[in-house]
Amino acid sequence: MDLLDDFCDLLHGEARLVDVRNFLGNVLAFFFYSSLLLFGQSNTGELRLTVTDPSGFGLKSTVELVSEANQYRDTFTTDDHGYLDAKRLPYGIYQLQIQAPAFATIFDRLEIRSALPLERTVQLKVASVAESVNVRASATLVDPYRAGSVNKIGEETIQNRLTALPGRSMQDLVNSEPGWLYEGNAVLHPRGSEYQTQFVVDGIPLTDNRSPSFGPEPSDADDVESLSIYTAGIPAEFGRKMGGVVEINTLKSHDPGFHGQLSLFGGTYDTAGLDTQDQYTWEGNTLGVTASGDMTGHYFNPVVPENYTNKGTIGSFSLSYERDLTHKDRLTLIARHALARYQIPNELVQQNGAFLPNANNTSGCPPGPPADEPSDCVFIPGGQLQTGNNFETIGTISYQHIFSPDTIGVLRGMSRDSSLDYYSNPASWPLLATQHNDFKEIYFNGSVSVHHGRQEWKAGVESDNIFLRESTSYVIPDCANPNDPQCPINLGILDSGAITFAFLGHRPDLEQSAYVQDLIRLGNWTVNAGLRWDHYQLLLNQNAVSPRLAVSRYLPSIGLNVHFSYDRIFQTPSFENILLASSPAAEAIDTSVPARQLPVQPSHGNYYEWGATKAFLGKLRLDANAFRRHVNNYADDSQILSTGISFPIAFAHAILYGAEAKLEVQQWGRFSGFASYSYIVGNAWFPVTGGLFLGNNAINPTSGHFPDSQDQRNTVRARVRYQFAPRLWVALGCDYNSGLPFQPDLTPEQYATEYGQVVVNHLNFNRDRILPYFTQNASLGVDLYQHEKRSLRFQADIANLGNTLELIDFGGLFSGNAIGPSRQYTFRLATTF
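Described below are features of the structure shown in this document.

Reading guide: rules and limits
Residues numbered from 1 in each chain as written. Predicted model: local features only at pLDDT ≥ 70, side-chain atom pairs only at ≥ 80, totals over all residues. Heavy atoms only, no water. Phe/Tyr/Trp six-rings, centres within 6.5 Å; stacked < 30°, edge-to-face > 60°. Buried < 20%, exposed > 50% of the residue type's maximum accessible area, 1.4 Å probe, protein only. Lys NZ or Arg CZ within 6 Å of the ring centre and 35° of its normal. Helix = DSSP H or I, 4+ residues; strand = E, 2+ residues; numbered from the N terminus. Arc of directions from axis to C-beta. Contact = heavy atoms within 4.5 Å. Core = buried A, V, L, I, M, F, W, Y, C linked by side-chain atoms within 4.5 Å. Pairing = 2+ DSSP bridges. Axes fitted to C-alpha atoms, helices over the stretch in contact; angles between N-to-C directions.

### Some thoughts on the packing of aromatic side chains
- Under the defined criterion, the tally for this structure stands at 22 aromatic pairs.
- Aromatic pair Tyr 230 and Phe 238: ring centres 5.8 Å apart, planes at 45 degrees, arrangement tilted. Considered together, Tyr 230 and Phe 238 belong to a single accessibility category, that of buried residues.
- Relative to Trp 282, the ring of Tyr 280 has its centre 5.4 Å away and its plane inclined at 25 degrees; by these criteria the two rings are stacked.
- Owing to a relative accessible area of 41%, Tyr 280 belongs among the partly exposed residues under this scheme.
- Residue Trp 282 is classed as partly exposed on the basis of its relative accessible area of 31%.
- An aromatic cluster is present here, built from Phe 742, Tyr 751, Tyr 755, Phe 765 and Phe 810 joined pairwise through their rings.
- One Lys or Arg, Arg 521, reaches over the ring of Tyr 145 and ends 3.7 Å from the middle of that ring.
- Above the plane of the ring of Phe 616 lies Lys 614, whose end atom (NZ or CZ) is 4.7 Å from the centre.

Laid out in structure tokens, this is it:
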């Protein structure tokens, strides 16, 4: 309270000089003691390079770092003393090239494998006596000491990506990798997992659902430097959401002065957007600002091809400050605010209205309103408008200290306030739903890293405290007649012919963990072994210990790296609407059949993967993996009636297995690109072990199995780029999806009334699967201006060239119907300076 009182005095001009000093002292003490509560780090390192002339004096020079395995390539300039600090380098093998006028070019190879800065001094020689070790960039195509599989996406791939619709640029990048699927509305599903993806942004994990319908995207792709994507061989420092881990390193300028970028884009569906990222660096300080604003008429994947009521606007603003306090100490502060406002797509009946039969109708209803309404039909007028919005404010602090040449500690903390609102107009059908959910989060994490001989030790702790608050209500008007189709449930709280329901709840979700892991190098063998402890307390109180192991063997004679990994996982349930689903009051939503309600258990399971990485001709890299997952209390989701209000459920267990392969070329002459293939089989077993089940859904089998909702057997993705000229390139790409399963509960004729015959034509009711679909895309890029680090680029994209109806999923909003965009044109202009 002293800190708050001092701040109020400052605002009102009532503070004396001594008060100002006290206030600043309290601020520093607050950040200092907060930092002492936590430790943390991400899997990036740092190079501190000094370049000298033959006499040992510092020399200003140009330095290029290349790691093709990480898709990393960047050029730096040392200061007047020959010093360079290259930060946030993903672990791996790098080629180092140093150039200075009148001196011989130096090539060397270095390895970043620790959070500890790598100190290196290089002495240049005059050109007449040049000696160099010529290390080709292709030597970094395969990392011989990577213990497990990890997919990397670098800055060039991000810059030249196919332009995404607003709110999903990051998700589209992740979805381009093998093993990842969209079930609808940019909800990512790694290897068959439901809502079990976490994004780690600059070392801070975000474990809530980051799809457009639940919250802002974790970061705009234009603000990102690189991605590391794990689906197996996951280090012990990551936990709680273990379907897949996406580690994001945001874009930072390494050069002094003012630098940044500005992007403008627009296209089909009245889509337009702006994004800027700017930084000013001086004497160990970096001040950064990012801002973005986008709008579109295709925010979600609609439930019908007509794309009714689907406008959305999003925006974000962030401010960051980083200071190297000393050669051993670094402080970073970040504040970000993001928002999204959107409409919920309508079905045909909700938009246009229609006659629907009641329970006594056996002959159907007329297509339009006649003069006299049939006694066994009720007219739904249409005109529904449901809207939602998300708001999020987040602040992070991190402090790094180097204790010795072999020991480093990083301290991080986060405070976050996030809200989700949902509204319905009076014409909404079958019910008028309103929701106001929010949570406040206080998070601390960290680790200490120690380098000792062949070993790289990490040990850390984290604490995540999420304070949930849920408020949900709905009204079903004119529900006195249970045979009325506007009354989809038979009983409830009856009030003047209408059914009403309201719920208000709050509860903390408390989670703590600790881990230790060791990266060991034994010749051509690499072992990454770890042990993690987790504690979860929300509806249940559980602890778990999870061992992790990844082993690789590099065969230098044939340039092959083979690997195997085992991950014991403990996954906490999704907390979206979990209080509503677990409350006894929820049984009143539908009393036609006694509700079945069980606390949602955390998932426990075992992940296995084996695979290999091989380079061919110094240009191509092939990654191939096979995997198998056994998960108990398999997490899934359900929803309340036909709203977008979803909540977690769980089944007894699931088995998911498959194989993946990706062939990638960084650059071969004028060509670059990739092609990938994924094969996934997933089955889940009854009985249900957690969640809320209403009406007929409460009558569940006690045995048997069914296809996992992400059980898409075959997925192919490819994109090839050709450089016509130094400043002109074209790219062609394609996606093939063999189709997800669905569970029909209506006849094809009834589905046609709700969604249209064109949608029903893409369903195979004999196999209960969506029919396969194949889409193509094309891009054209032009570098309009290029000088040193100043550039102006233009890119034009055409998505879904064949204008194919892309039925991604079917069955109901958010966990059901999802139709991709039709042919879409987008234009993007980007400048860097």
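Next comes the rest of the account.
### Considerations on helix 7 (residues 748–755)
- Where helix 7 is concerned, the buried positions are Tyr 751, Ala 752, Glu 754 and Tyr 755. The buried residues of helix 7 occupy one face: seen down the axis, they fall within an arc of 170 degrees.
- Buried residues belonging to helix 7 abut helix 5 (348–352) and helix 8 (757–760).
- Directly beyond the C-terminal end of helix 7, a positive phi value near 100 degrees is found at Gly 756.

### Some remarks on the nonpolar core
- One finds Tyr 342, Leu 468, Tyr 474, Ile 578, Leu 580 and Ile 589 to be the most contacted residues of the largest nonpolar core, which totals 56 residues.
- Contacts of Leu 580, omitting those with residues within four sequence positions, involve Glu 470, Thr 472, Phe 501, Phe 503, Ala 586, Ile 640 and Ile 645.
- Leu 110, Ile 112, Val 122 and Leu 124 belong to the second largest nonpolar core, which has 26 residues in total.

### A few points about the sheet that holds strand 7 (residues 118–123)
- The three strands lie next to each other as 4-1-7, forming an open sheet whose pairing is mixed. At either margin of the open sheet sits one strand with a lone partner, and together these are strand 4 (83–90) and strand 7. The sheet shows a mean angle of 25 degrees between the axes of neighbouring strands, direction not considered.
- In this sheet, strand 4 lies alongside strand 1 (residues 44–52) in antiparallel orientation, the contact comprising six bridges. Bridge pairing in strand 4 links Gly 45 to Leu 89.

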